[in-house]
Amino acid sequence: MRKVSRRQITNLKKTKNVICSEWDQAIILLKETANAKFIETVELHANLNLDPKYADQQLRTTVTLPHGIGKEIKIAVLTDEENFSDAKTAGADIVGNEDLIESITKGNIQFDLLIATPNMMPKLAKLGRVLGPKGLMPSPKSGTVTTNLIETLTEFKKGKFEYKADKTGV
C-alpha cells in the first residue's frame, strides 16, 4: 500500500466533506491547500448536461481574460503581401502567404495560432488535413478569419482564447 505524505494528509483534513458552492470559498480553499514549491495551476471541468450531437446544444465561443492566459503564444498570419507590415506591427510572430503554406505542408508548424484573411482561405483548404486535427485551422466562428488584422492580433495577444464543449458534454 502506498504511503500518504504529511502534506497530503493535512490537505485531506482541510478538504474532507467540504462543499464549496461559491467561487470565493473555493479560491480561499485552493490557496490554503497550495503548498508546493512551484506555481500551481487549476483546471475547471464543468458538467453542463449538454449533448453535442444536437445542433442547438453545442457550445463553442471565445473569451478574453483580463490578465491573459498565462503564457506567450506564437501567432502566424496568412495574408497577402500588402498586409505584411500591418501584421508585423500588430505583433504577429510569423507572417507569410505562399511560403507559409509550403512550410506548413512540409510539417513545419512553429506557431500556436493561425490567423488568415478571407482571400487566403481557398489556398488554405488543402491544409485541412494537417491543421484540422491540431485545432489550428482558421474559422470565422472562432474569429481567426478576419479582414481587420490589427484588432484581431491585439485581442489574441492580450489573452483571447476559444473554448468548446467536448463530445461528452463537459
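Further up the page is the structure itself.
Residues numbered from 1 in each chain as written. Predicted model: local features only at pLDDT ≥ 70, side-chain atom pairs only at ≥ 80, totals over all residues. Heavy atoms only, no water.

Draft legend 1. Structural detail: the overall build of the protein. Secondary structure summary: the protein contains seven helices and five strands in total. For the protein, the sequential pattern of α-helices and β-strands runs α-α-β-β-α-β-α-β-α-α-α-β. Its C-alpha atoms give the protein a radius of gyration of 21 Å, clearly above 15 Å, the size a compact globule of 170 residues would have. For the protein, buried positions account for 28% of its 170 residues. Once local pairs closer than 6 in sequence are excluded, the contacts in the protein between residues at least 24 apart make up 59%. Looking at the protein as shown, the accessible area adds up to about 12600 Å², and 53% of this sits on carbon and sulfur atoms. Here the protein contributes 25 positive and 21 negative side-chain charges, whose respective centroids are spaced 12 Å apart. (Helix = DSSP H or I, 4+ residues; strand = E, 2+ residues; numbered from the N terminus. Rg over C-alpha atoms; globule rule 2.2 N^0.38 Å. Buried < 20%, exposed > 50% of the residue type's maximum accessible area, 1.4 Å probe, protein only. Contact = heavy atoms within 4.5 Å. Areas by Shrake-Rupley, 256 points an atom, 1.4 Å probe, with all protein chains shown as cover. Lys, Arg positive; Asp, Glu negative; His and termini not counted. Charge placed at Lys NZ, Arg CZ, Asp CG, Glu CD.)

Draft legend 2. Quick peek at the sheet that holds strand S2 (residues 75-78). One open sheet accounts for three strands, arranged S3-S2-S4; its pairing is parallel. The strands lining the two open edges of the sheet, one partner per strand, are strand S3 (94-96) and strand S4 (113-116). Each strand of the sheet is rotated relative to its neighbour by a mean of 15°, with strand direction disregarded. Across four bridges, S2 lies against S4 in parallel orientation. (Pairing = 2+ DSSP bridges. Axes fitted to C-alpha atoms, helices over the stretch in contact; angles between N-to-C directions.)

Draft legend 3. Spatial organisation of the environment of Leu29. Within the secondary structure, Leu29 sits in helix H2 (residues 23-33). In this structure the C-alpha to C-alpha distance between Leu29 and Val18, which are eleven residues apart in sequence, comes to 9.4 Å.

Draft legend 4. Just the side chain of Thr146, in detail. Note on placement: Thr146 falls in the loop between helix H6 (128-131) and helix H7 (149-158). A distance of 3.1 Å separates the side chain of Thr146 from the backbone nitrogen of Asn148, its partner in a polar contact. If near-sequence neighbours (up to four positions away) are discounted, Thr146 is found in contact with Ile115, Ala116, Thr117, Pro118 and Thr152. (Polar contact = N/O pair within 3.5 Å; in protein donor to acceptor, adjacent residues only side chain to side chain.)

Draft legend 5. Quick peek at the environment of Glu82. Assignment of secondary structure puts Glu82 in the loop between S2 and helix H3 (84-90). Along the primary structure Glu82 and Lys37 are separated by 45 residues, whereas in three dimensions their C-alpha atoms are 49 Å apart.

Draft legend 6. Structural context of unusual backbone geometry. We note that Asn17 has phi near 60°; this positive angle belongs to a residue other than glycine. Note on Asn17: relative accessible area 76%, which makes it exposed. Of note in the backbone geometry, Asn49 takes a positive phi value of approximately 55° without being a glycine. Mapped onto the elements of the fold, Asn49 is located in the loop between H2 and strand S1 (60-64).

Draft legend 7. Geometry of the packing of aromatic side chains. By the definition in use, this model includes zero aromatic pairs. Lying across the ring of Phe156, Lys160 places its NZ or CZ 5.4 Å from the centre. (Phe/Tyr/Trp six-rings, centres within 6.5 Å; stacked < 30°, edge-to-face > 60°. Lys NZ or Arg CZ within 6 Å of the ring centre and 35° of its normal.)

Draft legend 8. A look at the nonpolar core. Grouped together as the largest cluster of nonpolar side chains are 13 residues, with contacts concentrated most on Leu78, Ile104, Phe111, Leu114, Leu124 and Leu131. Listed by contribution, the elements that provide at least two residues to this core are S2, helix H4 (98-105) and S4. Counting residues per element, this core draws most heavily on H4, at three residues. The next biggest cluster of nonpolar side chains, apart from the first, holds twelve residues, and it includes Ala90, Ile115, Leu149 and Phe156. (Core = buried A, V, L, I, M, F, W, Y, C linked by side-chain atoms within 4.5 Å.)

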